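# Structure assessment
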Amino acid sequence: MSPPCHTSALLLVLVALAVAGAEQSEERSCDVIGDESSESQMERALLKKLEPLSHMRFNVTVEKGKTENYIYHFRVCREVNSTSHDFGGLVQIDRQNGKTTVIGRINETQVFNGSDWIMLIYKGGDSYGRHCSGEKRRAVIMISCKRGVTASSFSIISEEREKEQECFYLFEMDSSVACPAENSHLSVGSVLLITFVSLIAVYIIGGFLYQRLVVGAKGMEQIPHFAFWQDLGNLVADGCDFVCRSKPRNAPAAYRGVGDDQLGEESEERDDHLLPM
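Source: prediction; values computed, not measured. (Residues numbered from 1 in each chain as written. Predicted model: local features only at pLDDT ≥ 70, side-chain atom pairs only at ≥ 80, totals over all residues. Heavy atoms only, no water.)

### Points about the overall build of the chain
Our working definition: Under the DSSP-based scheme used, a helix requires at least four consecutive residues in state H or I and a strand at least two consecutive residues in state E, with every element numbered from the N terminus. Exposed residues in this analysis have more than 50% of their type's maximum accessible area, buried residues have under 20%, and partly exposed residues fall in between, with area computed by a 1.4 Å probe over protein chains only. Here a residue-residue contact requires only that any non-hydrogen atoms of the pair lie within 4.5 Å. Methods summary: accessible areas were calculated by the Shrake-Rupley approach with a probe of 1.4 Å, and residue burial reflects only the protein chains presented.
The secondary structure content of the chain amounts to 4 helices and 8 strands. Relative to its full complement of 277 residues, the chain shows a buried share of 24%. Here the analysis covers contacts within the chain between residues at least 6 apart in sequence; of these, 49% occur between residues at least 24 apart. When the accessible surface of the chain is summed, it comes to about 19800 Å², and 57% of that surface belongs to carbon and sulfur atoms.

### Details of the pairing of strand E8 (residues 168-175)
Cut-off, in case you're wondering: Think of it this way: DSSP has to see at least two bridges between two strands before they count as a pair.
Side-chain alternation along E8 places Tyr169, Phe171, Met173 and Ser175 on a buried face and Phe168, Leu170, Glu172 and Asp174 on a face that remains uncovered. Alignment of strand E6 (residues 139-145) against E8, held across 7 bridges, turns out to be parallel. Within E8, the position partnered with serine 144 by the bridge is aspartate 174. Bridge count for strand E7 (residues 152-160) against E8 is 6 bridges, and the pairing is antiparallel. What sits directly across from serine 158, in E8, is leucine 170.

### Considerations on the environment of serine 152
By the element assignment, serine 152 lies in strand E7. When the C-alpha atoms of serine 152 and serine 175 are compared, they prove to be 6.5 Å apart, with 23 residues separating the residues in sequence. Beyond its immediate sequence surroundings of up to four residues, serine 152 is in contact with Met173 and Asp174.

Set out below in structure tokens:
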């Protein structure tokens with residue numbers, strides 16, 4: 001092979017490896033059941049809301065006697081084992097023999113929500129053997145609201161396999177992504193009041209620092225515009241005195257006290273005779 005052909009073949013191999021590596025590094029995500037055009041805006045919004053959990057892995061171990069000893073591995077809208085390319089979003093591993101069973105696949109996803117919860121369903125799992133008429137397994141994950149927690153308390157609730165159809169595995173977990181958005185309870189008046197108080201605080205603190213550090217004022221003169229506020233206080237007091245008084249200041253009193261004219265003349269009789277001679 002000539003050198004140019006050898007170089008071209010090497011470049012093609014490198015490009016193919018790069019493309020394959022890029023495809024492997026890009027993880028698959030949830031695909032809602034049905035055509036892409038049939039997906040609702042609500043389903044797309046819920047899947048986007050779950051994105052913060054996609055990089056996390058959850059495990060739970062279940063041991064029932066000597067016959068059942070399993071580990072369940074779960075990821076939100078991602079494959080548990082991306083190298084196997086089985087779309088398994090929730091898998092069961094038998095700790096006794098190492099057998100892996102796919103409970104639900106992310107390419108058959110359903111998602112809906114309530115006021116403070118999100119229900120994520122993976123369908124298309126491996127078929128049952130002797131249970132549920134041999135239908136495919138299904139995983140139901142209830143994500144409940146818990147503020148301040150990204151994700152916690154992943155656990156299995158039950159496995160419903162005693163029916164003829166519609167069997168499922170039920171899991172639950174807590175996460176803040178399922179919580180509704182917190183609405184601000186501040187009214188317009190509250191916002192204006194907070195703004196006003198903040199401006200007053202800035203005026204007082206800033207004016208105090210300016211008077212003390214720049215002007216060099218001491219004592220009460222450190223209050224910004226002290227003379228203005230002093231005069232304003234006097235004017236307010238005068239106005240209140242003028243408005244609140246019901247009668248002029250010099251009006252005669254409504255009652256008559258005991259005056260000098262009511263005391264009568266002083267008696268001429270004295271007590272001189274009581275004095276000792």
